Amino acid sequence: MTKMNRAICFVVLLVAGFFARAQNSLSFYHLGDATYQNSNLNPAYIPEGRVFIGLPALSGIHVHINNKFSYNELIKDEDNQVSGVINKLQKENMLNAQANISLFHLGYRFPNGTVMSIFANERAEVDVLYPKLLVEFIGEKTTVNLGETLDLGSMGVNATHFREIGFGIAHQVSPQLKAGARVKMLQGFFNYSTPRNMTLDLKINPQNYAWDLNAENIMFRSSGKNIYGDSFFSTGNSGFAVDVGFEYSMSKYMAFSASITDIGFISWKDDIENRTFNDTTFNYSGVNIKGINSIEETLQDSLFDKFKTVETTDPYKTWLPAKAYGSIIYKYSDETHFIGTIGMRYIQGQLKMLYGGGIKQKLGPLTVSASAMRLPQHFFTIGGALAVRGGPIQYYVAADQLLNLSVPDAKAFDFRTGINIVIGRSKSQGLSSRGASTTFDVSRTKKGGNKGISTGSFLGQRVKTKKREGIYSIINRQKKREVPKSLNPLEGNPANKKKPRSIGPPDQKTLPKKKPN
């Protein structure tokens, strides 16, 4: 790998790390360009085909959940459920839920290989961020960090339902680089969120365990509580977002890919209800919570009533949780790839990461991937994905967190599936994964560090180019082929046949004359 290639990898990973937090769907991402839906994760990924069609709901359903504790852990053993849950928490925790339904897509590949498409998706995302310390102090009078001032401003909420309608383009820029981008118009239906600049400082008195609480910019914003009716298909909440991605081949064996998606915002103007808590400082001595059902009433009486609130209808803006991937790909062969990936997602000013590795294998019309990953808040788990095409129909399915298939006991879950319509084969797919031409068309390729012309065919049959040496193409040794008699000059033309040798007496006229005595 050259210094320039290493520099490119470093810069892109640095940018991706700045923009994102807590990504998901790693096994599906490792399918690469197997399906059209992979362009949702990297716009440069478009599968082989001429025309791509997606039907409402049928072409894509995606569900994702990530939490620190399971449903069963929360409801069992009611007397000790709060203490049990607290013991499982980390310093910083989150509840993340996502749902995505494909409404429509239509794509077309032009003769030069460029793919343009239009698409629409219905999406919902929920993020609840909370520190363990806050839960400890609400449920129990802990003795941790007595006398210290603690920053609880890392907590936050963002729940959004929106629709995206967009246009995408992907292109093979050069034999080494393919890139893609998508622009999306957003229509927001519902939002409930807190601002990023919310501040909450807490100090515990070591004598009586009372709280000295300082709160600033505490606000709960909402839009669309009453919008799910006649105006559901048209709202004044609008926004804009972009996705970008690429894959760069550093050599015939190594490649690097990266993408950043959902860089955008939604401006909320309709059906606004904001509740702002005045900046305040007060003392709180704590409560005793015995069961999960008593939390809301207890907090209302003992904590929330301490704040004075102001209700407004001022418009506000929220940013989409940006997502990113960065991968290093080792191409063992055209069919087998080994992949290492970092996935990220950014929400409410917090950054967490996913790490994983896997293998992608092509078996004719079937593409499969298997991955091992470490999710935010969890230890290592495994996942798998596949995409298969028969005629114009393509089916795909992917799931992470396969070690625990029980939904009530699952702390994290990611599943997606769908059916696409793919018509035709690409007349010019450009280069294969290791640089060899995959068509009969004359193309300019780079093999073995040399440039030249490669036709991808030998005696009218498709072959694979091993190496380029100047203007020559090096191919595997071919089997001996019989030449038809009609093309054999010794068999097809009687004039070329040799006359048989005479075995009778010699012709007298040809004998030499004897000299007279």
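Residues numbered from 1 in each chain as written. Predicted model: local features only at pLDDT ≥ 70, side-chain atom pairs only at ≥ 80, totals over all residues. Heavy atoms only, no water.

## Comments concerning the packing of aromatic side chains
Rule in force here: For Phe, Tyr and Trp, rings pair up if their centres lie within 6.5 Å, where Trp contributes its six-membered ring, and each pair is then called stacked (planes under 30 degrees apart), edge-to-face (over 60) or tilted (otherwise). A run of H or I in DSSP counts as a helix once it spans at least four residues, and a run of E counts as a strand once it spans at least two, with each numbered from the N terminus. Exposed residues in this analysis have more than 50% of their type's maximum accessible area, buried residues have under 20%, and partly exposed residues fall in between, with area computed by a 1.4 Å probe over protein chains only. The criterion for a charge sitting over a ring is simple: Lys NZ or Arg CZ within 6 Å of the ring centre, and within 35 degrees of the ring normal.
Using the criterion set out here, one finds 11 aromatic pairs in the structure. Ring centres of Phe 246 and Phe 256 lie 6.0 Å apart, and the angle between their planes is 50°; on these two criteria the pair is classed as tilted. Here the residue Phe 246 occupies a position in strand β11 (residues 238-249), and Phe 256 occupies one in strand β12 (residues 254-268), the gap between them amounting to 10 residues. With relative accessibility at 18%, the residue Phe 246 sits in the buried group. Residue Phe 256 is classed as buried on the basis of its relative accessible area of 1%. By way of ring pairs, the aromatic residues Tyr 253, Tyr 330, Tyr 332 and Phe 338 are connected into one cluster. Sitting over the face of the ring of Phe 119, Arg 182 holds its NZ or CZ atom 4.1 Å from the ring centroid. Across from the ring centre of Phe 265, 4.6 Å away, lies the NZ or CZ of Lys 317, which sits over that ring.

## Points about the pattern of salt bridges
Which entries qualify depends on this criterion: By definition here, a salt bridge exists when the distance from a side-chain nitrogen of Lys or Arg to a carboxyl oxygen of Asp or Glu is within 4 Å.
Applying the stated criterion to the full structure yields 14 salt bridges. In this structure, the salt-bridge partner of Lys 184 is Asp 262, at a minimum N-O distance of 2.6 Å. In this pair, Lys 184 is assigned in strand β7 (residues 177-193) and Asp 262 in strand β12, connecting sequence segments 78 residues apart. Under the relative-accessibility criterion, Lys 184 is labelled buried at 1%. Put simply, Lys 225 and Glu 273 hold a salt bridge, and the shortest N to O gap is 3.7 Å. Here Lys 225 is found in the loop between β10 (218-223) and β11, whereas its partner Glu 273 is found in strand β13 (residues 272-277), with 48 residues between them in sequence.

## Digging into the nonpolar core
Selection criterion: Think of a nonpolar core as a cluster: buried Ala, Val, Leu, Ile, Met, Phe, Trp, Tyr and Cys residues, connected wherever their side-chain atoms sit within 4.5 Å. Note on contacts: a residue pair is in contact if any heavy atoms of the two residues lie within 4.5 Å.
Core analysis: the biggest nonpolar cluster contains 19 residues, and Phe 28 and Leu 31 have the highest contact counts within it. Among the secondary structure elements, those contributing two or more residues to this core are α2 (26-29), β17 (322-331), β21 (380-390) and β22 (393-400). Sorting elements by how many residues they give to this core places α2 first, with 3 residues. Those residues in contact with Phe 28 that lie beyond four places of it in its chain are Thr 35, Gln 37, Asn 38, Leu 41, Ala 385, Tyr 396, Ala 398 and Arg 416. Counting residues in each nonpolar core, the second largest holds 8 residues, with Phe 162, Ala 241, Ile 266 and Trp 268 among its members.

## Notes on a nonpolar patch on the surface
Heads up, the condition is: Two distance rules govern patches: like charges are joined within 9 Å, and nonpolar side chains (Val, Leu, Ile, Met, Phe, Trp, Tyr) within 5 Å, applied only to residues with over 30% relative accessible area and no salt bridge. Here the accessible surface of atoms and residues is derived via Shrake-Rupley with a 1.4 Å probe, and residues count as covered only by protein chains that are part of the display.
Taken together, the side chains of Phe 104, Leu 106, Tyr 108, Phe 110, Met 116, Ile 118, Phe 167, Ile 169, Val 183, Met 185 and Phe 240 make up a nonpolar region of the molecular surface, amounting to roughly 910 Å² of accessible area. When residues of the nonpolar patch are traced back to their parent elements, those giving at least two are β3 (92-109), β4 (115-131), β6 (156-172) and β7. Per element, the largest residue contribution to the nonpolar patch is 3 residues, and it comes from β3. Mapped onto the elements of the fold, Leu 106 is located in strand β3.

## Regarding the side chain of Arg 182
For the record, the criterion: Here a polar contact is taken to be a pair of N or O atoms separated by no more than 3.5 Å, where protein atoms must pair a possible hydrogen donor with a possible acceptor and residues adjacent in sequence count only if both atoms sit in side chains.
Considering the arrangement of structural elements, one finds Arg 182 in strand β7. Note on Arg 182: relative accessible area 4%, which makes it buried. At 3.0 Å, the side chain of Arg 182 forms a polar contact with the side chain of Asn 40.

## Some remarks on the pairing of β10
The test is simple: DSSP calls a pair of strands paired once it identifies at least 2 bridges connecting them.
Where β7 and β10 come together, 3 bridges link them in antiparallel fashion. Following the sheet pairing, Tyr 192 is matched in β10 by Ser 222. Judged from the 6 bridges that link them, β10 and β13 form a sheet pairing that is antiparallel. Within β13, the residue paired with Arg 221 across the bridge is Asn 274.

## A short note on the confidence of the model for the protein chain
When pLDDT drops low, the exact placement of atoms in the prediction is not to be read closely. Quick note on the threshold: Scored between 0 and 100, pLDDT is the confidence that the predictor attaches to each residue.
Confidence along the protein chain averages 76 in pLDDT terms, with 62% of residues attaining 70 or more. In this model, residues 3-22 is a region of pLDDT below 50 whose contacts with residues beyond four sequence positions or in other chains number 47 contacts. Taken as a whole, residues 435-453 scores under 50 in pLDDT and shows 62 contacts with residues more than four places along the chain or in a different chain.

## Examining the pairing of β7
Remark: a regular strand shows side chains that alternate across the two faces of the sheet. Where β6 lies against β7, 15 bridges are found, and the strand directions are antiparallel. Considered in β7, the bridge of Phe 162 is made with Gly 188. What sits between β6 and β7 in their antiparallel hairpin is a turn of 4 residues. With 11 bridges joining them, β7 and β11 adopt antiparallel strand pairing. Among the inter-strand pairings, Val 183 is bridged to a residue of β11, identified as Val 242.

## Focus: the environment of Gln 361
Along the chain, Gln 361 turns up in strand β19 (residues 350-363). Gln 361 sits 27 residues away from Asp 334 along the chain, and the two C-alpha atoms are 9.1 Å apart. Non-local contacts of Gln 361, meaning those with residues more than four positions away in its chain, are made with Glu 335, Thr 336, Leu 366, Thr 367 and Val 368. Polar contacts involving the side chain of Gln 361 include one to the side chain of Thr 336, which spans 2.6 Å.

## Regarding the environment of Phe 167
Assignment of secondary structure puts Phe 167 in strand β6. A residue is classified by how much of its surface remains accessible, and Phe 167, at 36% relative accessible area, is partly exposed. Taking the C-alpha atoms as reference, Phe 167 lies 6.6 Å from Phe 119; in sequence the two are 48 residues apart. Excluding residues that lie within four positions of it along the chain, Phe 167 makes contacts with Met 116, Ser 117, Ile 118, Phe 119, Ala 181, Arg 182 and Val 183.

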